[in-house]
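# Coordinate inspection notes
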Amino acid sequence: METTRYCNRSVGPKDLLNSLGVSVLVPGYVVVSSIVTLLLFYALWHRLKSERRISKIEAYLILFPSLMAVISVLPLVSPLLGQMVSIVQDLLCVTAMFAYMKHTKSLLGGSKHLVADKSSCPFAVPPLCCFAKCKKPKMTRTLMKILFLPIQFIVVLNFVVLLVNCSLAYNGFPPPKESSDIPNIPSYMLIPFQISALYTYKVFMSYFEARLRGSFPRTRGRLILATFILCKSTGGIFQVLESKEVLGYLDGLDCVNFGQLLLPVVQLGLLLPVALIIPKVYTKKWQHPIQQAIEDIDKAMIDNGKCDTKLEEGEGEKEEGRGEGDETQSMMADKL
């Protein structure tokens, strides 16, 4: 089969259909789209059936795995979107980490309550476990702000890198075929900032896990971290397989490797447990004391509202009774 000319600009479902055939592509699209749709409905169903109040941050974190699944399968429509999909995955993951930290801050009652008295910073977390025997520094508000800073910075940088890649694609730069291509350079520049952000995020989780007992902080925080690591590691593994020519190219499409179609399927399978666990955890009944206090306040406000309405109704009935009494008194006076 001759190489198609569309490899020089874009590859769509029609090109994949000509290369793979209807018997392979159509059932694959049906299965993948069904799984993604079910994951979205699963997250929305848990969001709607929650017995407690769900904030906007919690709603985003509930939908986060489903959004990751939707983004991850886009290369099955156009394999040349792989680089852009990887950048969007990074942006969603670091945004979820920042949302987790903001949610923790709100659970504890604001920035004034983040730092506990006489507490130390657990900085001996991977990859710096070698400092476990060193004296832990005292946790201060300044140090807590430093923990937030790398996550905020990496969110902005990921968004900038996304804009840079979009501009490169708009100006006619082809998708990267090798690791040394120009569109890959901004992503490589992000690696040191990603490592520092992951480290501070793990320190943040270790510090607050004990104070957030009853709200599943370990499960919620580490599933976001696992999602980021799974997406980055699988992408790197498939890039190595492509560079070693372990996986071949599609018939008639010399710019599309089989790894570009297998990677979304593998990532979707790895995201399934995360997408099934996170919505259930966020909508489950929490036993955290601060969350329980918030729910008690909400119930008290509702009860007070009911009492106020009853009092207003009672006062209205009394006023009606007084009005009728005044009318009878005036009639009797007229008769006299």
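Counting restarts for each chain: residues are numbered from 1 in the order of the written sequence. For this predicted model, a pLDDT threshold of at least 70 governs which residues receive local features, and a threshold of 80 or more governs which side-chain atom pairs are given and counted, while totals over whole chains, interfaces and linings are taken from all residues. Each side-chain value is derived from all of the structure's non-hydrogen atoms; neither hydrogens nor water enter the calculation.

So, on to the overall build of the chain. Each helix is a run of DSSP H or I of at least 4 residues and each strand a run of E of at least 2, with the numbering of both proceeding from the N terminus. Counting its secondary structure elements, the chain contains 10 helices and 2 strands. Each helix and strand of the chain, ordered N terminal to C terminal, gives the series α-α-α-α-α-α-α-α-β-β-α-α. Only protein chains enter the accessibility calculation, which uses a 1.4 Å probe; a residue is then buried when its area is under 20% of its type maximum, exposed when over 50%, and partly exposed in between. Here the chain, with 336 residues, has 38% of them falling under the buried criterion. The contact criterion used is simple: two residues touch if any of their non-hydrogen atoms lie within 4.5 Å. Counted over contacts in the chain with a minimum sequence separation of 6, partners at least 24 positions apart contribute 76%. Here the accessible surface of atoms and residues is derived via Shrake-Rupley with a 1.4 Å probe, and residues count as covered only by protein chains that are part of the display. For the chain, the exposed area adds up to about 19,800 Å²; of that, 64% sits on carbon and sulfur atoms.

Here we come to helix H3 (residues 56-72). The end-to-end C-alpha separation of H3 is 24 Å, in line with the 24 Å expected for 17 residues at 1.5 Å each. Bend angle per residue: angle between axes fitted to the 7 residues ending at that residue and the 7 residues starting there. At Phe64, H3 is bent by approximately 45 degrees, the largest bend along its length, and proline Pro65 sits one to four residues beyond. Within H3, burial applies to Glu58, Ala59, Leu61, Ile62, Phe64, Pro65, Ser66, Met68, Ala69, Ile71 and Ser72. Structurally, H3 contributes buried residues whose contacts are with helix H2 (22-49), helix H4 (82-107), helix H8 (217-243) and helix H9 (258-283). For a helix, the expected span equals 1.5 Å multiplied by the number of residues minus one.

All right, on to the confidence of the model for the chain then. Overall, the prediction assigns the chain a mean pLDDT of 79, with 77% of residues at 70 or greater. Confidence of the predictor at the level of single residues is captured by pLDDT, which takes values from 0 to 100. Mean pLDDT across the elements of the chain bottoms out in helix H10 (residues 289-335) (52) and peaks in H3 (93). Scored below 50 in pLDDT, residues 331-336 makes 0 contacts in the model with residues more than four places away or belonging to other chains.

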